[in-house]
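# Notes for the structure review
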Amino acid sequence: MPVVLAGMHMSAKAGVTPQLPYPKESPTALEIMQQVYFVNHFYALKNFAITRKGRKITVLVSRTQGKRPTTNTLERYLNNDYADDPVIKAKDLAIFRSGKLRGTGILITDYDDDARSQSYMIWLPALRKIRRFAQPAQDDSWGGLDFTFGDVVLRKPRHETHELLGQETFASCLHGMDIPQQHRNRYTRHLAKESCAPKGKKVYKVKSTTKFKDWWYDYRVNYVDTQTFADYRTEYYKNDKKIKLIDRDWSSLGLEDPRALSWGYWYGKNFITGHESWAIVPKEVVRFNAKFKPSLWSERTLRKIKR
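Cut-offs and rules
What you see as residue numbers is a count from 1 along each chain, following the sequence as written. For this predicted model, a pLDDT threshold of at least 70 governs which residues receive local features, and a threshold of 80 or more governs which side-chain atom pairs are given and counted, while totals over whole chains, interfaces and linings are taken from all residues. Here the side-chain values reflect all heavy atoms present in the structure, with hydrogen atoms and water set aside. Helix and strand definitions follow DSSP, with helices as H or I runs of at least four residues and strands as E runs of at least two, each counted in order from the N terminus. Between the two quantities, the radius of gyration covers C-alpha atoms and the globule rule is 2.2 Å times the number of residues to the power 0.38. The classification of residues rests on relative accessible area computed with a 1.4 Å probe and restricted to protein chains. Under 20% of the type maximum is buried, over 50% is exposed, and intermediate values are partly exposed. Working definition of accessibility: Shrake-Rupley area with a 1.4 Å probe, residue cover restricted to the visible protein chains. His residues and chain termini do not enter the charge count, which takes Lys and Arg as positive and Asp and Glu as negative. One atom stands in for each charge, and that atom is NZ of Lys, CZ of Arg, CG of Asp or CD of Glu. To estimate how far a helix should extend, the number of its residues minus one is multiplied by 1.5 Å. Take the buried Ala, Val, Leu, Ile, Met, Phe, Trp, Tyr and Cys residues and link them wherever side-chain atoms come within 4.5 Å; each set so joined is a nonpolar core. For each structure, a 1 Å grid was placed over the protein atoms alone; sets of points admitting a 1.4 Å probe that cannot get out are labelled cavities, open sets with protein on both sides within 12 Å along at least five of seven lines are labelled pockets, and lining residues have an atom within 4 Å of a point. Grid points are joined across faces, edges and corners, and a volume is the space filled by probe spheres set on the points. In the scheme used here, Gly and all other residues not listed as nonpolar or charged are polar, with Ala, Val, Leu, Ile, Met, Phe, Trp, Tyr, Cys and Pro taken as nonpolar and Asp, Glu, Lys and Arg as charged. Two strands pair if DSSP finds at least two bridges between them.

In terms of regular secondary structure, the protein is built from 3 helices and 16 strands. By the compact-globule yardstick of 19 Å for 307 residues, the protein fits well, its C-alpha radius of gyration being 19 Å. Considered along the principal axes of its C-alpha atoms, the protein spans approximately 50 × 45 × 40 Å. The burial tally for the protein puts 54% of its 307 residues in the buried class. For the protein, the computed accessible surface area is about 15500 Å², with 50% contributed by carbon and sulfur atoms. With 53 positive and 33 negative side-chain charges, the protein shows a spacing of 10 Å between the two charge centroids.

As structure tokens, this is what we get:
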């Protein structure tokens, strides 16, 4: 059942949908996090892709404290254009183009029924076969990075309780990874600079407490732009100690809906291990509302991936 007014509760079946309207009044903590979910799943767009353009491609950098970083490169295609489909809400295709995951493809199908698990098809290049997997655990690492499947695709507003701690001015720049010149390769030779775009922006401060028992974190503190609902920073706490941080650099796509945004990068750090991750998206590779064929999101695409 679609949401009609911003203040109305959505059905448990529908969850957050691409039809979620922009709030007309001051949102509650839950409504803020529903908007954050909307933004992170690019529901303001029919489709969103981070492709390859010449030598430009999204780079995933991973570094153990004191070690040389490792890199993978990635293309990702999200399709939200399923308004006429009574079952499917969205499809998400990720293809790893270099590094240890080179040639691996993942196709995720998300369903209108919010209680239904997502389906996963993974192309394994070493076997030249597709394997179907159950939905991974939310705390599983996504691509070997400090971002979990919960962070990237699985965590929904209903998985936590939310408390609005107030509004404040975001006072700092976002974090990034400092890689010495001798540790850089062709993908990290020209790195993005740490973004200061959110500095000075008004943000909601929302505390989100997990409903899962004995979970890896107790609660998160989210810093969310009051106009666009971009989540610039998320801090994770266990026993009131900060254990992980994720910073996200966002930029406007210039559309009428202020929630139509694009990533510049994600940066993550595990404060227990010192491990860092950085996913850098060059602006040249971003495409949205493009004329992709629906068949792109299919088994056939997975089977055509070259190692």
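A few words now on helix H1 (residues 29–40). Residues spaced three or four apart along an α-helix point in a common direction, a consequence of the helix completing one turn every 3.6 residues. The end-to-end C-alpha separation of H1 is 17 Å, in line with the 16 Å expected for 12 residues at 1.5 Å each. Burial runs high along H1: 11 of the 12 residues are buried.

To continue, consider the nonpolar core. Counting 63 residues, the largest nonpolar core has Ile32, Trp142, Trp250 and Trp278 as the members making the most contacts within it. Among the nonpolar cores identified, the runner-up in size contains 17 residues, and Ile95, Tyr111, Met121 and Trp297 belong to it.

The next thing to look at is the layout of surface pockets. Taken as a whole, the largest pocket encloses approximately 780 Å³ of empty space. Considering the residues around the largest pocket, the lining is formed by 26 residues, among which Arg55, Lys56, Ile57, Val59 and Tyr187 are closest to the centre. Those elements giving two or more residues to the lining of the largest pocket turn out to be strand E3 (56–63), strand E5 (88–98) and strand E14 (261–270). In terms of residue count, E3 provides more of the lining of the largest pocket than any other element does, 3 residues in total. Looking at the lining of the largest pocket residue by residue, the classes come out as 9 nonpolar, 7 polar and 10 charged.

Looking now at the pairing of E5. Most of E5 sits out of view: 10 of its 11 residues are buried. When strand E4 (residues 70–79) meets E5, the two strands line up antiparallel, connected through 7 bridges. Paired with leucine 74 across the two strands is phenylalanine 96, which belongs to E5. Pairing geometry for E5 and strand E6 (residues 105–111), over 7 bridges, is antiparallel.

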